[in-house]
Protein chains: 4
Amino acid sequence: MLQIGPYTFHSRLFLGTGKYSDGDVQKQAVEVSETEVLTFAVKRMNIFDDSQPDPFENMNLNGFKLLPNTAGAKTAEEAVRIAKMAQAAGMCDMIKVEVIGCDKTLLPDPVETLKAAEMLLKEGFVVLVYTSDDVVLARRLQELGAHAIMPGASPIGTGLGIINPYNLAHIIEQSDVPVIVDAGIGSPKDASYAMELGADGILLNTAVSKAEDPIKMAQAMNYAVHAGRLGYEAGRMDKKWYAQASSPLEGLGQL
Amino acid sequence: MLQIGPYTFHSRLFLGTGKYSDGDVQKQAVEVSETEVLTFAVKRMNIFDDSQPDPFENMNLNGFKLLPNTAGAKTAEEAVRIAKMAQAAGMCDMIKVEVIGCDKTLLPDPVETLKAAEMLLKEGFVVLVYTSDDVVLARRLQELGAHAIMPGASPIGTGLGIINPYNLAHIIEQSDVPVIVDAGIGSPKDASYAMELGADGILLNTAVSKAEDPIKMAQAMNYAVHAGRLGYEAGRMDKKWYAQASSPLEGLGQL
Amino acid sequence: MLQIGPYTFHSRLFLGTGKYSDGDVQKQAVEVSETEVLTFAVKRMNIFDDSQPDPFENMNLNGFKLLPNTAGAKTAEEAVRIAKMAQAAGMCDMIKVEVIGCDKTLLPDPVETLKAAEMLLKEGFVVLVYTSDDVVLARRLQELGAHAIMPGASPIGTGLGIINPYNLAHIIEQSDVPVIVDAGIGSPKDASYAMELGADGILLNTAVSKAEDPIKMAQAMNYAVHAGRLGYEAGRMDKKWYAQASSPLEGLGQL
Amino acid sequence: MLQIGPYTFHSRLFLGTGKYSDGDVQKQAVEVSETEVLTFAVKRMNIFDDSQPDPFENMNLNGFKLLPNTAGAKTAEEAVRIAKMAQAAGMCDMIKVEVIGCDKTLLPDPVETLKAAEMLLKEGFVVLVYTSDDVVLARRLQELGAHAIMPGASPIGTGLGIINPYNLAHIIEQSDVPVIVDAGIGSPKDASYAMELGADGILLNTAVSKAEDPIKMAQAMNYAVHAGRLGYEAGRMDKKWYAQASSPLEGLGQL
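Residues numbered from 1 in each chain as written. Chains lettered and ligands numbered in written order. Predicted model: local features only at pLDDT ≥ 70, side-chain atom pairs only at ≥ 80, totals over all residues. Heavy atoms only, no water.

Looking at an unreviewed UniProt entry, chain A carries the name Thiazole synthase, with the source organism given as Alteribacillus persepolensis. Regarding chain A, the relevant UniProt record gives this comment under Function (unreviewed entry): "Catalyzes the rearrangement of 1-deoxy-D-xylulose 5-phosphate (DXP) to produce the thiazole phosphate moiety of thiamine. Sulfur is provided by the thiocarboxylate moiety of the carrier protein ThiS. In vitro, sulfur can be provided by H(2)S." Taken from UniProt, the Pathway (unreviewed entry) comment for chain A reads in full: "Cofactor biosynthesis; thiamine diphosphate biosynthesis." (UniProt positions renumbered as here; feature names shortened; annotations may be inferred.)

Laid out in structure tokens, this is it:
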């Protein structure tokens, strides 16, 4: 069971709701993923702009926890404003802080992210924070009281997978709150790997919505998260340089 | 469905039977793995040596296909002798050729492996061949008529995972018979990765038997094989250097 | 030529001065490295504590630019205090900001690092900043006016090499001031790789001082930095999936 | 000093002669590389076909050792025929065996390669063998008496660098004759890495001829080979998971 603030989830897979070409495909993908948490950019919701389609039009939202995010914000103040809009619209008291600091890579701004998290925590939100894989920044966010840390595996929408397992492992090791690996997951092996490193959950979007068959990929990701979690709990074998090596890692350090 | 020679399998996970510390644990691990194929070294079977324990003592073998292997052979002739012993004992008409050429790494001998495969095919066996990830050797084995190619991800018992995805991808691309990735799998992500590359199945042993909790790891591997297979069928998203890159791989080649 | 603030260097290799077991070995290593910049922890200098040996005892410091660093500081204020001590002692007007935020990994604290850089820039120092490979943080440091950005390849003293070439490439691409890759370099290939990514220089210490033969390794690093710089300037070939691929990266994104 | 059969070389960098767009550029690249060995496909030489340009037209070949290769051969017999043509033309008594088994990847055929090596050794040639990185095949070639083993880092012309450092390390560890890493080197870091693993030399072509500035890249490769060799001789530091880890590789096996 995954516990974030006051909420409890059976599924450790969170899904984004963007970039689907077909609402019906999205609905089925969400179903087979068995996710309980859907994230979406508040700025893209039509409650604030009637000209835009409702991303949830075809979906029965009962049974889902909605996780609005502050995508589009470039400063802490903007992020707070967006979060309050979502709250006012009765969407959720849970918010994913996302303050982008680079238009090219969509990587987060550490300073504004930290500030936004602090402000939103003071406002009483349940705060999940999208962040880079900077180890000390993750600790700082936790010290502020963030309810979950969401380090990126690689930049949003790239599908490059886990570039730096070292940093993720350290973030996980030092964290007392859940670590949800968010962004960059490209295929099931990436999701499994993150979970094997000890992550408490995964948030992904493009890997499913931009797969050739999003429904099948959603199912694959569901299995992958289970595989990785069980693999983590099972305790993997040591790596060895030789099958018969007396000391497990003998030789490995030379590569 | 996986078809090897005349046999059809629902599960794409083959399990080895060595190195378990506890027969009951092994039995449960095999069950949750949902494997249909168990492989074992003929040389270690007690039908030939009453002083050794029966690795299958606690298991009901109904419903399993047994895949004896020629482990211990260093020449083609030895491998053929072992295969015939297994056949004479009524074990199976399916054999996994394994001719080791290096005591330290347990890597296979390409020349003797090729010879053994040729001889056993002439004798009418259904032949699955453990081989290195040499791309042309794999093609040669297929041209001989081998029923499945079993390239290693990394050396037996090391858990180093997939060292050379490039070669595996090429072996899979060029093969008309099933490719079962055999040896070196260390954790679920490795199994998923092999399947995502298009492998038809996975054979593993140590990753389960030497996990802290072999039963849980067997279940993890079951999920991972499903995740990887579905991920392969679903068609993964392209990798991108920037989320907004116009051309998918722009920039990637510079790393 | 490498230009940092008002200073110009022919060599792109900066050397740390710690962890040598033998002063004479250190002296020779420094010589063959052809470095022009030596860095050292102000806190370890005996001008402040006569009980400690002088790390430069055996070295003729003429011809070297000294780069004191603030190692040992955990806050911006401490870092500033250390920098001012160094200045007062007439060591240098150049300072390397190093504010550690994690005792286990020795990774830097982004918030205090940013603050320290800002304060020292206001005091008129030439400021080089040791930082994580957080892309947006690097940009922020540059916007403050930092004279050089020094992202880590991997944590100090680990020799793990370049874990995240992606982030380094982006930091380099977006930077108008020199980028010196600092920390984690373990062997010559790592130094060459960093330079090939476009880094303006390398700072390393342990890779030389803890090599079996530090003098030979210093020479190796000197060559590696030249190799990598020339390789960068020469413009490497594109990577290809097949030798004859019509489109360079065709296929690569599937791995 | 590198000793292959009766020949001794100061430089550990061998250069191919194909794919240059400009003869003068090639000449200068060869010069700054300080190579002593030039390899070329016998089949492409105009002594056998007057319609083709002489790749060495602009070069003074004094001081170079020529290493003809059997590129274009798909069988051992063809390779032997090509080698004898080269011998008859007085080119060299040294031959690089290259028998391609796959048109797409240009990977070598292990069976025909082994046969060709055996036949040419019986004919008295000094035989260097281009091979895959199959560890046992490399040993077999050495047992036949091959004068040097030339495993590929990755397929010819791809620039993918060293995909499988594990296999290269084992081939080098077990070999009593020189190991020259041949094919796949894309940039200086790759050349340095191969040498750090203990290779005795490097053969490359495309990385220089298809660089934007081949002359500069040739110089870079010269430095890289020196850097890697010195790094190997110097004995690199151990990798560590934490800078302060008591046991060097503690933790590394979990990734």
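Moving on: the pattern of salt bridges. Per the stated rule, a full pass over the model turns up 48 salt bridges over all chains. The partner of C:Lys104 in a salt bridge is A:Glu173, and the shortest N-O contact between them spans 2.7 Å. Taken as a pair, C:Lys104 in the loop between β6 (94-97) and α3 (110-122) and A:Glu173 in helix α5 (residues 165-174) lie in two separate chains rather than in one. Taking relative accessible area as the criterion, A:Glu173 reaches 42% and is therefore assigned partly exposed. Between D:Glu233 and D:Arg229 there is a salt bridge, and its shortest N-O distance comes to 3.1 Å. Of this pair, D:Glu233 and D:Arg229 both sit in helix α8 (residues 214-234), 4 residues apart, roughly one helical turn. (Salt bridge = Lys/Arg side-chain N within 4 Å of Asp/Glu carboxyl O. Helix = DSSP H or I, 4+ residues; strand = E, 2+ residues; numbered from the N terminus. Buried < 20%, exposed > 50% of the residue type's maximum accessible area, 1.4 Å probe, protein only.)

Residue and element names in this part refer to chain D. Structurally, leucine 121 is set in helix α3 (residues 110-122). Along the primary structure leucine 121 and phenylalanine 14 are separated by 107 residues, whereas in three dimensions their C-alpha atoms are 22 Å apart. When sequence neighbours within four positions are dropped, the list of residues in contact with leucine 121 reads Val127, Leu144, Gly145, Ala146 and His147. (Contact = heavy atoms within 4.5 Å.)

Residues and elements named next belong to chain C. Tracing the backbone through its elements, the reader meets glutamate 36 in the loop between α1 (23-33) and β4 (37-41). The buried charged residue glutamate 36 lacks any salt bridge, with arginine 12 as its nearest oppositely charged partner at 9.4 Å. A polar contact of 2.9 Å, which involves the side chain of glutamate 36, links it to the backbone nitrogen of histidine 10. What glutamate 36 contacts, discounting residues up to four positions off in sequence, is Thr8, Phe9, His10, Ser11, Leu13, Gly63, Phe64 and Lys65. (Lys, Arg positive; Asp, Glu negative; His and termini not counted. Polar contact = N/O pair within 3.5 Å; in protein donor to acceptor, adjacent residues only side chain to side chain.)

Attention now moves to the interface of chain D and chain C. Counting residues at the interface gives 46 residues for chain D, matched by 46 residues for chain C. Counting the surface lost from both chain D and chain C, the interface buries some 3,800 Å², and carbon and sulfur atoms represent 65% of this. Ranking the residues of chain D by area buried against chain C places D:Lys189, D:Tyr223 and D:Met237 at the top, with a combined share of 17%. Note that D:Glu233 is salt-bridged to C:Lys216, the shortest N-O span being 3.0 Å. (Buried area = accessible area lost by both parts, 1.4 Å probe.)

Residue and element names in this part refer to chain A. Following the UniProt record, the feature "active site" (unreviewed entry) maps to Lys96 here. Along the polypeptide, lysine 96 turns up in strand β6 (residues 94-97). Look at lysine 96 and you get buried, because its relative accessible area is 5%. If near-sequence neighbours (up to four positions away) are discounted, lysine 96 is found in contact with Thr39, Leu67, Pro68, Asn69, Thr70, Leu128, Tyr130, Met150, Asp182 and Leu203.

This part takes up the nonpolar core. Grouped together as the largest cluster of nonpolar side chains are 91 residues, with contacts concentrated most on A:Ile4, A:Phe14, A:Val127, A:Leu128, A:Ile202, A:Val208 and A:Met221. Leaving out residues up to four positions away in the same chain, A:Met221 has contacts with A:Leu13, A:Ile185, A:Gly186, A:Ser187, A:Pro188, A:Ala191, A:Leu204, A:Ala207 and A:Val208. (Core = buried A, V, L, I, M, F, W, Y, C linked by side-chain atoms within 4.5 Å.)

So, about the relation of the copies chain D and chain C. Rotating chain D by 180 degrees and translating it 0.0 Å along the rotation axis places it on chain C, where the RMSD comes to 0.0 Å. Taken together, the rotation and translation relating the two chain copies correspond to the operation of a two-fold axis. Relative to the rotation axis, the C-alpha of D:Lys189 is the closest in chain D, positioned 2.3 Å from it. Interface overlap between copies is the fraction of interface residues in one copy that are interface residues in the other; for chain D against chain C it reaches 100%, indicating a shared surface. (Least-squares fit on C-alpha atoms with pLDDT ≥ 70 in both.)

Moving on to the pairing of strand β5 (residues 65-69) of chain B. All names here are of chain B. Burial analysis of β5 places 5 of its 5 residues in the buried class, the great majority of the element. The two faces of β5 match: Lys65, Leu67 and Asn69 on one face and Leu66 and Pro68 on the other face are all buried. In this sheet, β5 lies alongside strand β4 (residues 37-41) in parallel orientation, the contact comprising 5 bridges. In the sheet register, alanine 41 faces β5, and the bridge partner there is asparagine 69. (Pairing = 2+ DSSP bridges.)

Okay, the packing of helix α6 (residues 188-196) of chain D against α8(D) next. All names here are of chain D. Between α6 and α8, the least distance of the axes is 7 Å, while the angle of their chain directions is 25 degrees. Taken together, the axes of α6 and α8 lie roughly parallel to each other. For α6 against α8, the interelement crossing comes out right-handed. Contacts from Pro188, Ala191, Ser192, Met195 and Glu196 in α6 reach Met217, Ala220, Met221, Ala224, Val225, Ala227, Gly228, Arg229 and Tyr232 in α8. Broken down by class, the residue content of the contact of α6 with α8 amounts to 10 nonpolar, 2 polar and 2 charged. (Axes fitted to C-alpha atoms, helices over the stretch in contact; angles between N-to-C directions. Parallel < 35°, antiparallel > 145°, perpendicular 65-115°, else oblique. Left-handed = near helix turned anticlockwise from the far one by under 90°. Nonpolar A, V, L, I, M, F, W, Y, C, P; charged D, E, K, R; others polar.)

This part is about α6(D). Note: α-helices contain 3.6 residues per turn, so residues at a spacing of three or four share the same orientation. Counting buried positions along α6(D) gives 9 out of 9 residues, so the element sits mostly inside the fold. Among the residues of α6(D), those classed as buried are D:Pro188, D:Lys189, D:Asp190, D:Ala191, D:Ser192, D:Tyr193, D:Ala194, D:Met195 and D:Glu196. Buried-residue contacts for α6(D) involve α6 (188-196) and α8 (214-234) of chain C together with α5 (165-174), β9 (180-182), β10 (201-204) and α8 of chain D. Once α6(D) ends, the next one or two residues include D:Gly198, with phi positive near 110 degrees.

Residue and element names in this part refer to chain B. Turning to helix α1 (residues 23-33), its buried residues are Gln26, Ala29, Val30 and Ser33. Looking straight down α1, one finds its buried side chains confined to an arc of 100 degrees; they lie on one side. Taken together, the buried residues of α1 touch β3 (13-16), β4, α7 (206-209) and α8 (214-234). By the N-cap criterion, in which a side-chain oxygen at the helix start approaches the backbone nitrogen of a residue two or three places on, α1 is capped by aspartate 22, the distance to aspartate 24 being 2.7 Å. A positive backbone phi angle near 60 degrees is found at glutamate 34, which sits one or two residues after α1. (Arc of directions from axis to C-beta.)

With 46 residues of chain A at the interface, the matching set in chain B holds 46 residues. Three residues stand out in chain A for area buried against chain B, namely A:Lys189, A:Tyr223 and A:Met237, and they jointly supply 18% of the buried area on that side. The interface formed by chain A and chain B holds 2 salt bridges in total. Summed over the shared surface of chain A and chain B, the result is 16 residue pairs in polar contact (both at pLDDT 80 or more). Listed by contribution, the elements that provide at least two residues to the side of chain A that touches chain B are α6 (188-196), α7 (206-209) and α8 (214-234) of chain A. Of the residues forming the side of chain A that touches chain B, the biggest block, 12 residues, is contributed by α8(A). Residues that form the side of chain A that touches chain B fall into these classes: 20 nonpolar, 13 polar and 13 charged.

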